[in-house]
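# Observations on the three-dimensional arrangement
Listed here are the chains, written in short residue letters.
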Amino acid sequence: FPNDPKMAGLPRLMDSNLLRSEVLPPMLAQINPGEAANDWQIAHMTHTLVHYAPEHTCTVCVQLALKSETHEDEVPLVLYGKSYYNDDGAETARLMRELCDEPAHKAGDLALAHALDYDPQHRILWQRGLAGKPLLAYEAQPADFLEYLQTAARSVAALHQCSPKSSRAVTLESWLLKLSEMRSLLHEIRPERQAQIDQLIDKLLESSAAAANAPQALLHGDLHLQNFLVDEGRVALIDMDNLCHGSPWLDVGSFVASLFYRGIVCKRSQQETQRLTAAFCEAYADHSQWDYSAAAVQWFSAAALVNERVYRTISRG
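Presented here is an overview of the structure given in this document. (Residues numbered from 1 in each chain as written. Predicted model: local features only at pLDDT ≥ 70, side-chain atom pairs only at ≥ 80, totals over all residues. Heavy atoms only, no water.)

### Concerning the overall build of the chain
The helix and strand tally for the chain stands at eleven helices and eleven strands. A compact globule built from 317 residues should have a C-alpha radius of gyration of about 20 Å, and the chain, at 21 Å, falls within 12% of that. Based on the C-alpha atoms only, the size of the chain along its principal axes is roughly 70 × 45 × 35 Å. The buried share of the chain, reckoned over its 317 residues, is 47%. Of all intrachain contacts in the chain linking residues separated by at least 6 positions in sequence, the fraction that spans at least 24 positions is 70%. With an accessible surface of roughly 15,800 Å², the chain has 49% of that area assigned to carbon and sulfur atoms. The distance from the centre of the 27 positive side-chain charges to the centre of the 40 negative ones in the chain is 5 Å. (Helix = DSSP H or I, 4+ residues; strand = E, 2+ residues; numbered from the N terminus. Rg over C-alpha atoms; globule rule 2.2 N^0.38 Å. Buried < 20%, exposed > 50% of the residue type's maximum accessible area, 1.4 Å probe, protein only. Contact = heavy atoms within 4.5 Å. Areas by Shrake-Rupley, 256 points an atom, 1.4 Å probe, with all protein chains shown as cover. Lys, Arg positive; Asp, Glu negative; His and termini not counted. Charge placed at Lys NZ, Arg CZ, Asp CG, Glu CD.)

In structure tokens form, the structure reads like this:
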């Protein structure tokens, strides 16, 4: 680091001097940081590494103070730059721009960051930062947390009704294949639990018809509490790298699984976790364009606990 063999743009992303002198100034011309002016210059800048996944992605946060000859006060601006090992950033940038043109976004029903620039040569995506705290930060405030969960559900329903088309898709068949792969993996890790593992996976495979014949929607693809930002009651979706097409019940079920996982981590009662998930699902159903399928959501929730939550525990452990 920063000479990652698969991310040619990483040295550029980590060079503060290059960002200040060459990379960021052209972007300021298309940004209105809150005041009308076209001569913004960088007065101060801080540059922080947010996340690095070797040979995959790297994200930095750039906090700017902008000055202009026509304004006495400096204006703050936060940008995020993300370097990729492949061309996925181009697809993400396109979809983010198209989503910002959607009626749901213009009406305020779908809040998300604005993609500012994608550099295809260096595979770097730049977007404007959003204010707020992750929804995760409100878990200890039950009343606020419940309200924000319901607002988050409305945002997800709005996303699912948007029209942009992704080149990526996730299918029920791919989830069934993943379950079979998880069976083999769990056999290796917990051979003493093989009978229980087989019983669980077999039951999920046998009951998968509950998740079939679903409508198709644009999905977020990675819904959990850290990918919602709360600011003055507004809940925005962030981290749009996994936008794809598939069953809307997959997105909802994946989020429900994340709530059950957090319930275990936080030692929350099962009754309270069920109350939270019910509130989220009811709010989603009230704003969805489809008849809500509780059976499909339940199936994807159970499958996500294996395919996502258990898998991440293993792969990141």
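Let us keep going from here.
### Side note on the pairing of strand β10 (residues 234–237)
Judged from the two bridges that link them, strand β4 (residues 111–112) and β10 form a sheet pairing that is parallel. The residue of β10 that forms the bridge with A111 is A236. Counted between consecutive antiparallel strands, the loop separating strand β9 (residues 228–231) from β10 contains two residues, among which E232 sits at a positive phi close to 50 degrees. (Pairing = 2+ DSSP bridges.)

### A closer look at a nonpolar patch on the surface
A cluster of nonpolar side chains, namely Y261, V265 and L305, defines an oily patch on the protein surface of about 220 Å² accessible area. Y261 sits in the partly exposed class, given a relative accessible area of 33%. (Patch = residues over 30% accessible without salt bridge, like charges linked within 9 Å, V, L, I, M, F, W, Y side chains within 5 Å. Salt bridge = Lys/Arg side-chain N within 4 Å of Asp/Glu carboxyl O.)

### Some words on the pattern of salt bridges
Applying the stated criterion to the full structure yields 14 salt bridges. R123 is the salt-bridge partner of D87, the closest N and O atoms lying 2.9 Å from each other. Placement of D87 in the loop between β3 (71–84) and α4 (88–100) and of R123 in the loop between β5 (115–119) and β6 (124–128) is noted, with a sequence separation of 36 residues between them. Of the charged contacts in the structure, one is a salt bridge between D202 and R183, with a shortest N-O distance of 2.7 Å.

### Digging into the sheet that holds β9
An order of β4-β10-β9-β7 is seen for the four strands of this open sheet, with the pairing classed as mixed. The open sheet has two free edges, formed respectively by β4 and β7 (133–134), since each of these has just one partner strand. Both β9 and β10 contribute to a ladder of four bridges, which runs antiparallel. Across the sheet, the residue bridging to F228 is L237, located in β10. Along the sheet, helix α6 (residues 142–160) contacts β9 and β10; its crossing angle with β10, the most-contacted strand, is approximately 45 degrees. (Axes fitted to C-alpha atoms, helices over the stretch in contact; angles between N-to-C directions.)

### Some points on the packing of aromatic side chains
Here the structure, examined in full by the defined rule, presents ten aromatic pairs. The interplanar angle of 35 degrees and the centroid separation of 4.4 Å between the aromatic rings of F255 and F280 together place this pair among those described as tilted. Placement of the pair is F255 in helix α9 (residues 248–265) and F280 in helix α10 (residues 270–287), with a sequence separation of 25 residues. Considered together, F255 and F280 belong to a single accessibility category, that of buried residues. When the centroid spacing of 5.1 Å and the interplanar angle of 85 degrees are considered together, the rings of W299 and F300 count as edge-to-face. With a relative accessible area of 4%, W299 lands in the buried category. (Phe/Tyr/Trp six-rings, centres within 6.5 Å; stacked < 30°, edge-to-face > 60°.)

### Section: the state of the cysteines
The tally for this structure, following the rule as stated, stands at zero disulfides. Here C162 stays free of any disulfide, with the sulfur of C100 as its closest cysteine sulfur at 10 Å. Take C162: its relative accessible area is 9%, and that puts it in the buried class. (Disulfide = S-S within 2.5 Å.)

### A look at the sheet that holds β3
Either a parallel or an antiparallel arrangement is found when strands of a sheet pair, and the pairing is made through backbone hydrogen bonds. What the five strands build is an open sheet, ordered β1-β2-β3-β6-β5; its pairing is antiparallel. Each end of this open sheet is capped by a strand with a single partner; those strands are β1 (41–53) and β5. The average angle at which neighbouring strand axes cross in this sheet is 20 degrees, direction not considered. Where β1 meets strand β2 (residues 57–68), eleven bridges bridge the pair, whose relative direction is antiparallel. Note on β2: the bridge partner recorded for T48 is C61. Against the sheet, helix α2 (residues 16–23) touches β1, β2 and β6, its axis set at about 130 degrees to β1. Each of β3, β5 and β6 touches α4; the most contacted strand, β5, lies at about 155 degrees to it.

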